[in-house]
Amino acid sequence: MRRAVAAIGLLLAMMLPALATTVLDDGARPARGLSCVVPAPGQGVGRLYYYVPGTVDFSRKTGLLVFLHGGGTDSPDDAPENYLATEDGQLRPHVDALGYVVAAASAPRSETPYRWNEKGAEKAVLALIEDAAKRFNLDRDRIVLGGQSMGGYGAYHLATVLADRLAAAWISCGAWKETDFRAFHGTPLYLQQGRWDCAAHYSNGTKPRGYSWTGPCYAQAADELLTRDGVEHVLDLHEGGHALAWEPAQLATRRFVEWVRAKRRNPYPDRTVLVTRRGSGLLPYLVESPRQRWLEAVETTDGEIGVDRIETEGPVHAWTLDQLLAQKYRLASARRCGARIDARNLGGNRFSVLTENVRKFRILLAPQMGDLEKPFAVEGVGGTVTLKARPLKGDPDYSAYLEVAVE
């Protein structure tokens, strides 16, 4: 079966003249440089590109940068190659310096420009990570998700969904509609944005980019909310336009590389916020995910929760300086169906919990989080309850749990 899959992939690659990289057999470890898997794991279509810098030591665990490309509805299957090409790839000098393996797949098929936000996109990314784990000595505590433009849209969405699997997230010139950024507690963000993304003379086309597409408002509003909620992040508002090719964008990308180098996944942050359903709200589809780090919703009820929403104001396209200065945003609130648990580890075997539309939940435990031989006190569930930890098997991060009923 594997030989048949590899043969089909090779045949597809031969039929695609734009593909100039090595096509990998199923499960084969890529050599240093650029190679390709056809079709992309988890999609059945498209391509997955691997770039392996010369600094990667195959005998040691390696980090992984999952990169989501831009380009919109019509971007071709070989779009990731534009970022990783030898001579002019906009990511090449930076990933060479970082020394992580890069995995960059074709965006899922869609008739919308929100291809990384479509239903099932998170499963495609998880399949990509598992494919990389088969081919490399992967360090699962150094997986970083990043995206540019349309990929930035997807990074806002998918990093929210997959935050507990990531060391960090990098979001460049993306957009979001409504979300709860508290779901990022424990996963730091690097928000990279061109200050002049929507200015007339910074556009590659015949008219300025739309403010409601990828305006600096989205990063600025995210920075405002992340600061309010105490989530670790950086806002790098550089003096370039939309594309990564701008020199200020290249300098910002280098700053991101220096920042992310020391980041590792943290399964045990003092605060964890579980939101289900969650995502960036650019499409009606949100991900029903009952687990986030050390919180798991066991039984929820019907109801709505409040989330933050961004609304753009002023002209969509700015042909003049006055129009550019008139582009504004404001923050609002929205209601969506779902449930939420906001929990803090207070130390000394004590937790504080706020719940919405939850009847029963679990707090997953590890020795780093308290003394598993002693009782735990959980506050905010109709009073304070005292519980003993129960053993948990088969989880790589946690060895015990508390099951809590909400009064």
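Now for a description of the structure that goes with this document. Note that this is a predicted model, so its numbers are computed, not measured.

## Things to note about the sheet that holds strand E8 (residues 178-179)
Argument step 1. The strand order across the open sheet formed by three strands is E8-E14-E15, and the pairing between neighbours is antiparallel. In this open sheet, the two strands that pair with only one neighbour each are E8 and strand E15 (328-337).
Argument step 2. Here two bridges tie E8 to strand E14 (residues 304-313), and the two strands are oriented antiparallel to one another. The residue of E14 that forms the bridge with Thr179 is Asp308.

## Quick look at the nonpolar core
Side chains of nonpolar character tend, in soluble globular proteins, to be buried together.
Argument step 1. In this structure, Tyr50, Leu64, Val66, Tyr156 and Trp176 are the most contacted members of the largest nonpolar core, which totals 55 residues.
Argument step 2. Ranked by size, the runner-up nonpolar core spans 25 residues in total, among them Tyr49, Leu65, Leu84 and Trp259.

## A word on the pairing of strand E6 (residues 138-148)
Argument step 1. Judged by how many residues are buried, E6 sits mostly within the fold: nine of eleven residues are covered.
Argument step 2. Bridge count between strand E4 (residues 62-68) and E6: six bridges; the pairing is parallel. Each residue of the ladder has a partner; that of Thr62, found in E6, is Leu138.
Argument step 3. Of the pairings in the sheet, the one linking E6 to strand E7 (residues 168-172) comprises five bridges and is parallel in character.

## Quick word on the side chain of Arg92
Argument step 1. Note that Arg92 resides in helix H3 (residues 92-98).
Argument step 2. Engagement of the side chain of Arg92 in a polar contact is seen with the backbone oxygen of Leu84, the distance being 3.1 Å.
Argument step 3. Residues in contact with Arg92, not counting those within four places in the same chain, are Tyr51, Tyr83, Leu84, Ala85 and Thr86.

## Focus: the layout of surface pockets
Argument step 1. Each pocket or cavity is described by its volume, and for the largest pocket that value is around 660 Å³.
Argument step 2. Lining the largest pocket are 35 residues, with Ser149, Met150, Arg209, Thr214 and His242 sitting closest to its centre.
Argument step 3. Listed by contribution, the elements that provide at least two residues to the lining of the largest pocket are helix H2 (79-84), helix H5 (150-161), helix H6 (211-214) and E14.
Argument step 4. Among the residues forming the lining of the largest pocket, the class breakdown is 16 nonpolar, 15 polar and four charged.
Argument step 5. What the second largest pocket holds in volume is close to 530 Å³.
Argument step 6. Taken together, 22 residues make up the lining of the second largest pocket; nearest its centre are Leu126, Asp164, Arg165, Arg265 and Asp397.
Argument step 7. Going through the elements one at a time, helix H4 (121-135) and E6 are the ones with two or more residues in the lining of the second largest pocket.
Argument step 8. Per-element tally for the lining of the second largest pocket: the top contributor is H4, with four residues.

## Focus: helix H8 (residues 247-260)
Argument step 1. The first and last C-alpha atoms of H8 sit 20 Å apart over 14 residues, in line with the 20 Å expected at 1.5 Å per residue.
Argument step 2. Among the residues of H8, those classed as buried are Ala249, Gln250, Ala252, Thr253, Phe256, Val257, Trp259 and Val260.
Argument step 3. Here the buried face of H8 lies against H3, E6, E7, strand E9 (189-194) and strand E10 (233-238).

## Digging into the pattern of salt bridges
Argument step 1. Evaluation of the coordinates by the stated rule reveals 32 salt bridges.
Argument step 2. Here Arg182 ties to Asp180 by a salt bridge, and the two come within 3.0 Å at their closest N and O atoms.
Argument step 3. Overall, Asp180 belongs to the buried group, its relative accessible area being 5%.
Argument step 4. Salt bridges sharing partners connect three or more residues here, namely Asp139, Asp141, Arg142, Arg264, Arg265 and Asp397.

## Side note on unusual backbone geometry
Argument step 1. Here the residue pair Val38 and Pro39 is connected by a cis peptide bond, since its omega of -5 degrees sits within 30 degrees of zero.
Argument step 2. The topology assignment puts Pro39 in the loop between strand E2 (33-37) and strand E3 (48-52).
Argument step 3. A cis amide bond, omega 10 degrees, links Thr276 with the succeeding residue Arg277.
Argument step 4. Mapped onto the elements of the fold, Arg277 is located in the loop between strand E11 (271-276) and strand E12 (291-292).
Argument step 5. Notably, Ser149 is not glycine yet its phi reads approximately 60 degrees, a positive angle.
Argument step 6. Overall, Ser149 belongs to the buried group, its relative accessible area being 12%.

Cut-offs and rules
- Residues numbered from 1 in each chain as written.
- Predicted model: local features only at pLDDT ≥ 70, side-chain atom pairs only at ≥ 80, totals over all residues.
- Heavy atoms only, no water.
- Pairing = 2+ DSSP bridges.
- Helix = DSSP H or I, 4+ residues; strand = E, 2+ residues; numbered from the N terminus.
- Core = buried A, V, L, I, M, F, W, Y, C linked by side-chain atoms within 4.5 Å.
- Buried < 20%, exposed > 50% of the residue type's maximum accessible area, 1.4 Å probe, protein only.
- Polar contact = N/O pair within 3.5 Å; in protein donor to acceptor, adjacent residues only side chain to side chain.
- Contact = heavy atoms within 4.5 Å.
- 1 Å grid on protein atoms, 1.4 Å probe; cavity = no way out; pocket = protein on both sides within 12 Å on 5 of 7 lines; lining within 4 Å.
- Points joined across faces, edges and corners; volume = space filled by probe spheres on them.
- Nonpolar A, V, L, I, M, F, W, Y, C, P; charged D, E, K, R; others polar.
- Expected span 1.5 Å × (residues − 1).
- Salt bridge = Lys/Arg side-chain N within 4 Å of Asp/Glu carboxyl O.

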